[in-house]
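Residue-level structural notes
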Amino acid sequence: MDTNSNPNPPVRILPTLIIAAVALATGIWAAQALLNNKPPVDELAATRFPVARQLEPFSLVDHQGNTFDNAALRGHWSFLFFGYTHCPDVCPTTLSVLNSVSGKLADNNAPVRFVLVSVDPQRDTPEQLARFVTYFNSDFIGVTGSEEGIAQLTRQLGIMHMQVADESSPDSYLVDHSAGLLLIDPKGNYHAVFTPPLSADAIASDFRKMLKAFR
Amino acid sequence: MKPAGFFITAFLLLCCVIPAQADDTLQVSDPWIREAPPGATVLAGYLTLTNTTSAPLVIEAVSSPAFEAVEIHRSQVVDGVARMQPVSELTVPATGNISLAPGGYHLMLLRPVRPLTEGDNVILLLHRADGICVTVTAPVLRMTESSSHQH
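Model, not experiment: these values are computed from the prediction.

What follows deals with helix H3 (residues 126-136) of chain A. Of the positions making up H3(A), those classed as buried are Gln128(A), Leu129(A), Phe132(A), Val133(A), Tyr135(A) and Phe136(A). Buried residues of H3(A) fall within an arc of 155° about the axis and therefore sit on the same side.

Following this line, the structure appears as structure tokens:
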């Protein structure tokens with residue numbers, strides 16, 4: 001059978017043209033709207049918020065005994081990671097990745113800080129954190145505080161942490177915690193989050209793109 | 001250490017003193033212990049186990065003279081949350097292998113008898129369910145991302 005034997009009658013061309021014209025105009029408008037709203041940050045491994053989120057007040061202490069609050073996050077970029085020093089596998093692995101990121105971003109003009117926030121303030125004193133974080137990089141910062149102080153920060157960032165009894169070792173306990181790496185911008189706002197598996201290359205490359213697009 | 005814990009450790013060490021027949025049914029490769037920050041009371045150990053037999057092999061326990069206790073743990077990220085859980089035993093599949101590596105299965109090494117740094121070697125005793133004990137010497141390494149040396 002000849003499939004071309006039924007051409008559209010002329011009367012049906014006009015509506016088709018109108019639909020095509022409307023579709024084209026809508027497409028151009030949508031493309032322009034998207035391009036105007038979206039800075040040139042394409043293909044990120046990170047999840048970047050369309051509008052960076054302001055942080056509610058919180059107050060903690062760093063491994064040198066200095067106050068670590070909203071003001072301490074301003075004026076530079078900060079990578080925040082949540083963990084604890086009695087964690088022998090995931091936390092050292094993450095801190096090693098961050099050390100590698102730090103090396104890759106060393107030529108960067110924008111100051112970047114790397115912060116481990118303890119989700120185990122009971123055992124993680126500033127002294128304990130100092131030994132732990134500076135082992136991986138002398139510039140790394142460890143942050144701890146009261147249970148309530150930690151919760152002020154974790155609750156608003158959606159960071160989960162929970163003590164779990166270690167059945168085979170009754171004297172100790174483990175802490176389950178969110179494994180994301182959070183990026184705070186120089187205005188002190190929550191800018192983006194990286195989810196595991198964390199790759200130093202992807203983090204460094206994404207950071208450069210976000211830095212370029214930051215106003 | 002509690003008396004019961006001491007007794008169990010002593011027993012586990014003793015079982016490895018009785019010489020097992022030469023046995024290559026379970027092969028151990030790339031054992032290493034991650035050097036930890038000074039003062040650390042928990043370290044992690046890694047290795048790959050290969051079973052050359054046609055039946056699964058079970059590791060019931062691990063002990064070490066260098067640590068007060070050794071547990072088998074597994075790290076997992078579930079719905080964005082990092083969890084670490086004790087595992088009661090490790091099963092090496094028939095003619096297969098299992099890797100204990102960062103971010104997955106690992107040996108949780110508790111309370112080192114003395115501080116360990118890169119260059120030290122640690123003896124690990126793997127206690128098989130069939131009674132055979134496998135002795136492994138694991139070097140302490142300062143490792144970074146993707147198992148490359150950092151210096």
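Moving on, we come to the nonpolar core. All names here are of chain A. If you look at the biggest cluster of nonpolar residues, it comprises 63 residues, and the most contacted ones within it are Phe 79, Phe 82 and Leu 157. Broken down by element, this core gets its largest block of residues, 6 residues, from helix H2 (residues 90-104). The residues contacting Phe 79, other than those within four sequence positions of it, are Leu 105, Val 112, Arg 113, Phe 114, Val 115, Leu 181, Leu 182, Leu 183, Phe 194, Ile 203 and Phe 207.

Residues and elements named next belong to chain B. As judged from the 3 bridges shared by strand S3 (residues 57-63) and strand S6 (residues 90-92), these two strands associate in the antiparallel manner. In the sheet register, Ile 59 faces S6, and the bridge partner there is Leu 90. Where S3 lies against strand S9 (residues 121-128), 4 bridges are found, and the strand directions are antiparallel. By the bridge assignment for S9, Ala 61 is matched with His 127.

For the rest of this paragraph, the subject is the packing of aromatic side chains. Given two aromatic rings, one states the distance between the centres and the angle between the planes to describe the pair. Residues and elements named next belong to chain A. In the structure shown here, the tally under the stated rule is 11 aromatic pairs over all chains. Ring centres 6.2 Å apart and planes at 45° place the aromatic pair Phe 79 and Phe 194 in the tilted group. Taken together, the residues span a long stretch of sequence, with Phe 79 in strand S4 (residues 77-83) and Phe 194 in strand S10 (residues 190-194) at a distance of 115 residues. Given the relative accessible area of 0%, Phe 79 is considered buried. Under the relative-accessibility criterion, Phe 194 is labelled buried at 3%. Among the aromatic residues, those joined into a cluster by ring pairs are Trp 77, Phe 79, Phe 114, Phe 140, Phe 194, Phe 207 and Phe 214. Across from the ring centre of Phe 49, 5.7 Å away, lies the NZ or CZ of Arg 53, which sits over that ring. The lysine or arginine in question, Arg 123, covers the ring of Tyr 173, its NZ or CZ lying 3.7 Å from the ring centre.

The next point concerns the pairing of strand S2 (residues 42-51) of chain B. All names here are of chain B. In terms of burial, S2 is a largely internal element, 9 of the 10 residues being buried. Of the strand pairs in this sheet, strand S1 (residues 26-34) and S2 are connected by 6 bridges, and their pairing is antiparallel. By the bridge assignment, Gln 27 is partnered in S2 with Thr 50. Pairing geometry for S2 and strand S7 (residues 97-100), over 4 bridges, is antiparallel. Paired with Leu 49 across the two strands is Ile 98, which belongs to S7.

Quick look at the state of the cysteines now. Residues and elements named next belong to chain A. For the structure on display, the rule yields 1 disulfide over all chains. With its sulfur 2.5 Å from that of its partner, Cys 87 forms a disulfide with Cys 91. Because the torsion about its S-S bond is 100°, the bridge between Cys 87 and Cys 91 counts as right-handed.

With 34 residues of chain B in contact, the opposing surface of chain A contributes 33 residues. Between chain B and chain A, roughly 2500 Å² of surface is buried when both sides are summed, and carbon and sulfur atoms account for 54% of that area. Here chain B is connected to chain A by 1 salt bridge. Put simply, chain B and chain A have 12 residue pairs in polar contact (both at pLDDT 80 or more) between them. Elements with a minimum of two residues in the side of chain B that touches chain A: S2, strand S4 (67-78), strand S5 (81-86) and strand S8 (105-112) of chain B. The element that contributes the greatest number of residues to the side of chain B that touches chain A is S5(B), accounting for 5 residues. Here the residues of the side of chain B that touches chain A sort into 17 nonpolar, 10 polar and 7 charged. Where strand S8 (residues 173-178) of chain A lies against S5(B), 2 bridges are found, and the strand directions are antiparallel. Bridge pairing in S5(B) places Ser178(A) opposite Val81(B).

Definitions and cut-offs
Residues numbered from 1 in each chain as written. Chains lettered and ligands numbered in written order. Predicted model: local features only at pLDDT ≥ 70, side-chain atom pairs only at ≥ 80, totals over all residues. Heavy atoms only, no water. Buried < 20%, exposed > 50% of the residue type's maximum accessible area, 1.4 Å probe, protein only. Helix = DSSP H or I, 4+ residues; strand = E, 2+ residues; numbered from the N terminus. Arc of directions from axis to C-beta. Core = buried A, V, L, I, M, F, W, Y, C linked by side-chain atoms within 4.5 Å. Contact = heavy atoms within 4.5 Å. Pairing = 2+ DSSP bridges. Phe/Tyr/Trp six-rings, centres within 6.5 Å; stacked < 30°, edge-to-face > 60°. Lys NZ or Arg CZ within 6 Å of the ring centre and 35° of its normal. Disulfide = S-S within 2.5 Å. Buried area = accessible area lost by both parts, 1.4 Å probe. Salt bridge = Lys/Arg side-chain N within 4 Å of Asp/Glu carboxyl O. Polar contact = N/O pair within 3.5 Å; in protein donor to acceptor, adjacent residues only side chain to side chain. Nonpolar A, V, L, I, M, F, W, Y, C, P; charged D, E, K, R; others polar.

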